[in-house]
Amino acid sequence: MSISVEIPTPLRRFTGGVAKLDSGASSLSELVIDLEGRFPGIAKHLRDEAGQIRPFLNIYVNEEDIRFLGGESYRFKEGDKVLLVPSIAGG
Amino acid sequence: MGERYELRCRECGARLGNQPRSFCEECLSPLEITYDYEAIRPALTRASIELGPPSIWRYRALLPIPDDDQPGFPVGFTPLVNAPHLGKRLGVRNLYVKNDAVCFPTLSFKDRVVAVALNAAKHFGFEVVSCSSTGNLANATAAQAARQGFQAWIFVPADIEQAKIIGTQIYGARLVRIAGNYDQVNRLCTQIVEKLRWGFVNVNLRPYYAEGSKTVGFEIAEQLGWRLPDNVVVPMAGGALITKIRKAFDELISLGLVEEKPVRFFGAQATGCSPITTAVKGNQERFEPQKPTTIARSIAIGNPADGYYAIRAIRSSGGWAEDVSDTELVRGIELLAESEGIFTETAGGVTTAVTRKLIQQGRIGPDETTVLCITGNGLKTTDALANTIKIPEAIAPRMTDFEAYVDRVAETEVASTVRAAGASR
């Protein structure tokens with residue numbers, strides 16, 4: 001199984017400029033582990049000290065906020081497109 | 001830019017100078033403006049503020065504006081009116097309305113934040129300004145961009161009120177309607193800002209922009225005679241306004257401009273989009289995002305950027321948060337109009353109806369000083385009243401027709417008033 005992950009510009013300094021990648025992760029937790037394996041040091045920007053996904057990091061799966069899909073319990077499906085958006089603004 | 005202020009991460013405390021950026025690269029948390037209060041303190045007194053212009057610029061020492069800058073429009077300094085009739089209807093004695101339904105130039109509190117944001121846009125050298133908006137911000141950005149010579153690109157959910165669409169395009173702004181809700185518009189804008197060198201007032205300029213909301217708090221305190229109220233009721237969309245009114249009060253206290261006292265902050269949302277009130281009522285520190293279903297479109301943000309901080313401001317102040325149905329909010333619009341002659345938009349209906357609820361719950365006491373923040377104008381959301389306000393029939397310009405008309409409406413209060421007046425002559 002494979003999902004595609006889009007890395008926004010502000011996070012690319014932790015990925016050596018990589019903007020898009022494929023991952024075999026089946027959950028958010030596995031995705032963070034996969035990313036840390038490829039880009040050591042990135043995980044601490046995605047998870048806080050308590051191991052929780054940082055409150056201001058937004059994760060979308062096929063344009064849907066992952067929190068509407070069950071958050072960390074969501075199981076990725078073949079071909080899912082994952083988008084990371086640091087700190088949503090607006091309002 | 002000046003050294004009186006700079007960006008600081010709200011969580012890790014990193015300082016980032018002044019630049020168009022809204023979040024910390026290390027911990028992804030939002031940035032906000034911090035000031036060198038010791039440098040500000042000596043020159044800032046009640047008298048020096050009172051000598052300033054009747055606009056938000058009288059508080060410029062506490063805004064991220066360079067000292068030598070010439071501000072644009074005379075925005076803000078809207079009336080704080082006492083509301084004895086509304087108070088009587090709700091059973092309280094010291095009620096005030098901060099009336100940003102008449103804010104200049106586009107009749108909402110968003111004029112304040114845009115004024116500060118465009119100033120930052122100018123200093124960062126942007127030629128195009130932009131925003132993601134539910135309508136009021138669109139109007140404010142388009143109008144002030146026109147006056148200050150910026151090109152404006154405005155992104156809105158496709159279903160916003162017609163008056164807010166017209167009230168954007170009239171200024172020559174490019175309006176982009178997105179087939180989606182506000183949170184989706186907002187996400188798109190977060191992506192656009194990475195690609196284009198545009199000044200998005202509520203994305204990359206957001207820390208500067210949000211400081212403009214403090215002026216609501218400064219004005220409330222000054223207009224109450226340099227004292228703080230007991231309670232403030234604030235509508236919540238992204239959640240920034242309530243946190244910035246709190247920051248304003250804290251700054252006035254720490255600079256010795258008002259006496260320290262506890263102020264309780266009450267947040268208001270529509271039940272159809274209530275991530276913040278749901279969290280407060282459920283004793284949660286973090287909110288769960290929602291998909292909005294309410295006619296209060298101007299505050300329909302399901303993933304509020306400052307939701308976390310709004311929850312904290314409310315809980316730590318001893319306040320509370322409530323939400324009301326669309327039916328209740330329409331009743332709130334009518335109540336404020338009928339009792340105080342102020343016609344507010346749907347968000348103001350929410351604030352009024354929530355205030356009623358909080359008083360009924362005993363959370364706001366009858367002798368406490370309470371300020372309702374009315375943030376927008378009813379003429380922009382008349383769609384919401386289509387089922388409430390019926391256009392009266394036309395009658396011929398003849399006395400007999402008028403008398404027949406009076407007979408037809410004889411059961412109403414108006415008719416009995418007319419009869420009583422006639423009988424007394």
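As a reminder, the structure under discussion sits directly above these lines.
Here goes a summary of the coordinates provided. The structure presented is a predicted model; accordingly, all values stated were derived computationally and were not measured.

## Things to note about the sheet that holds strand β2 (residues 20-23) of chain A
Residue and element names in this part refer to chain A.
Stage number 1. An order of β2-β1-β5-β3-β4 is seen for the 5 strands of this open sheet, with the pairing classed as mixed. Edge positions in the sheet fall to β2 and β4 (64-65), since each has one partner strand and no second.
Stage number 2. Taken together, the 3 bridges between strand β1 (residues 3-6) and strand β5 (residues 81-86) define a ladder with parallel strand orientation. Counterpart to Val5 in the pairing with β5 is Val82.

## Focus on the pairing of strand β6 (residues 128-132) of chain B
Residue and element names in this part refer to chain B.
Stage number 1. With respect to burial, β6 is a largely interior element, 4 of its 5 residues being buried.
Stage number 2. Of the strand pairs in this sheet, β6 and strand β7 (residues 151-157) are connected by 5 bridges, and their pairing is parallel. Residue pairing in the sheet places Val128 in a bridge with Gln151 of β7.
Stage number 3. After leaving β6, the chain enters helix α5 (residues 136-148) and then returns to the sheet as β7, a path that is right-handed.
Stage number 4. As paired strands, β6 and strand β9 (residues 199-200) are joined by 2 bridges and run parallel to one another. Within β9, the residue paired with Ser130 across the bridge is Phe200.

## A look at the pairing of strand β12 (residues 320-324) of chain B
Where a strand is regular, its side chains alternate between the two sheet faces.
All names here are of chain B.
Stage number 1. Across the 5 residues of β12, 5 count as buried, placing the element largely inside the fold.
Stage number 2. Side-chain alternation along β12 places Trp320, Glu322 and Val324 on one buried face and Ala321 and Asp323 on a second face that is also buried.
Stage number 3. In terms of strand pairing, strand β11 (residues 264-270) meets β12 through 5 bridges, oriented parallel. From the neighbouring strand, Gln269 faces β12, where its bridge partner is Asp323.

## A few points about unusual backbone geometry
Residues and elements named next belong to chain B.
Stage number 1. A cis amide bond links Phe104 to the next residue, Pro105, at an omega of 5°.
Stage number 2. Mapping Pro105 onto the fold places it in the loop between β5 (94-99) and α4 (110-123).
Stage number 3. Even without glycine at this site, Phe77 takes up a positive phi of about 50°.
Stage number 4. Structurally, Phe77 can be placed in the loop between α2 (46-50) and β4 (80-82).
Stage number 5. One non-glycine residue with positive phi stands out, namely Leu107, at about 65°.
Stage number 6. Along the chain, Leu107 falls in the loop between β5 and α4.
Stage number 7. Judged by C-beta crowding, with 23 C-beta atoms within 10 Å, Leu107 ranks as buried.

## Quick look at the packing of α5 of chain B against helix α6 (residues 162-169) of chain B
Residue and element names in this part refer to chain B.
Stage number 1. Running from amino to carboxyl end, α5 crosses α6 at an angle of 15°, the nearest separation of the two axes being 8 Å. In terms of axis orientation, α5 runs roughly parallel to α6. The hand of the α5/α6 crossing is left-handed. Across from Asn136, Ala138, Asn139 and Ala142 in α5, the residues of α6 making contact are Lys164, Gly167 and Thr168.

## Considering the environment of Lys81 of chain A
Residue and element names in this part refer to chain A.
Stage number 1. Along the chain, the position of Lys81 falls in strand β5.
Stage number 2. By the C-beta count within 10 Å, which is 13 here, Lys81 ends up partly exposed.
Stage number 3. Once the C-alpha coordinates of Lys81 and Asp22 are considered, the two residues, 59 residues apart in sequence, prove to be 9.4 Å apart.

Cut-offs and rules
- Residues numbered from 1 in each chain as written.
- Chains lettered and ligands numbered in written order.
- Predicted model: local features only at pLDDT ≥ 70, side-chain atom pairs only at ≥ 80, totals over all residues.
- Pairing = 2+ DSSP bridges.
- Helix = DSSP H or I, 4+ residues; strand = E, 2+ residues; numbered from the N terminus.
- Buried ≥ 20, exposed ≤ 12 C-beta atoms within 10 Å, placed from the backbone.
- Right-handed = clockwise from strand over helix to strand, strands pointing away.
- Axes fitted to C-alpha atoms, helices over the stretch in contact; angles between N-to-C directions.
- Parallel < 35°, antiparallel > 145°, perpendicular 65-115°, else oblique.
- Left-handed = near helix turned anticlockwise from the far one by under 90°.
- Contact = placed C-beta atoms within 7 Å.

By themselves, these observations are geometric and do not establish any function.
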